[in-house]
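# Reading the structure
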Amino acid sequence: MTFSSRFTATERLTSLKAAALGGLCAGSVSLMLLGLHRVWVFGFTLISLDLLAGMANLTLLVNAAIATLSGALFALTYRYAVRQDNNVQLNAGVVLAFTLVRGLAQVDAGSAIAQNFWPFLSACGESFAIFGLTALLLTFATQRHWLTPFGQDKTP
């Protein structure tokens, strides 16, 4: 009995490249958004003092690491879900699913309701920016043939 797997070495390597690209993009976007948020909250004068604080750096790094891991998992899922068809609803659905799961999980429901749902909108907006930009980068990489959709690599 022979077992034929579509997960060839080439497919695995392409998935690894997609995960690395997705993680790099998501982590970078997250760091940028966190930096902008800190500038907005603390202003330009206090931002250097905030970044010198140990806890602020640790929080920034942990948030970026979580976004990087989320972006890598998103990229893998996106590559397997999108495949060869050009279904805009499927592409958007993957982005929206990751946006809602990450965004809503970050918010305390009681606090968000008391604040007129603003924390929900903020967290989901940040997640949408992270996954939306990552999806655009993955689509661009696929169009440039740096990555291939799952199932198009034919080499064993």
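Coordinates for the structure precede this section.
Described in the following lines is the structure provided in the data block.

## Structural notes on the overall build of the protein chain
A count of helical and extended segments in the protein chain gives five helices and zero strands. For the protein chain, the proportion of its 156 residues judged to be buried stands at 35%.

## Things to note about the pattern of salt bridges
Tallying each qualifying case throughout the model produces two salt bridges. Arg79 serves as the salt-bridge partner of Glu11, at 2.4 Å between the closest nitrogen and oxygen. Here Arg79 lies in helix H2 (residues 54–82) and Glu11 lies in helix H1 (residues 9–52), a separation of 68 residues in the sequence. Arg79 shares its class with Glu11; the two are buried. The shortest N-O distance in the salt bridge between Glu126 and Arg102 comes to 3.3 Å. You can see Glu126 sitting in helix H5 (residues 118–143) and its partner Arg102 sitting in helix H3 (residues 88–105), a full 24 residues away along the chain.

## Concerning H3
Here H3 contains 18 residues, and its C-alpha end-to-end distance of 26 Å stays within 8% of the 26 Å for a straight helix at 1.5 Å per residue. A side-chain oxygen of the first residue of H3 lies 3.0 Å from the backbone nitrogen of Gln89; this N-cap is Asn87.

## Topic: the packing of aromatic side chains
By the definition in use, this model includes six aromatic pairs. On the basis of an interplanar angle of 80° and a centroid distance of 4.8 Å, the ring pair of Tyr80 and Phe150 is categorised as edge-to-face. Placement of the pair is Tyr80 in helix H2 and Phe150 in the segment after H5, with a sequence separation of 70 residues. For Phe150, a relative accessible area of 3% corresponds to the buried category. Between Phe140 and Trp146, the aromatic rings sit 5.5 Å apart at their centres with planes inclined by 80°, giving edge-to-face as the arrangement. Judged by relative accessible area, which is 51%, Trp146 ranks as exposed. One aromatic cluster is present, formed by Phe74, Tyr78, Phe98 and Phe131 through successive ring pairs.

Cut-offs used in this document
Residues numbered from 1 in each chain as written. Predicted model: local features only at pLDDT ≥ 70, side-chain atom pairs only at ≥ 80, totals over all residues. Heavy atoms only, no water. Helix = DSSP H or I, 4+ residues; strand = E, 2+ residues; numbered from the N terminus. Buried < 20%, exposed > 50% of the residue type's maximum accessible area, 1.4 Å probe, protein only. Salt bridge = Lys/Arg side-chain N within 4 Å of Asp/Glu carboxyl O. Expected span 1.5 Å × (residues − 1). Polar contact = N/O pair within 3.5 Å; in protein donor to acceptor, adjacent residues only side chain to side chain. Phe/Tyr/Trp six-rings, centres within 6.5 Å; stacked < 30°, edge-to-face > 60°.

Don't take any of this as a statement about function, it's just geometry.
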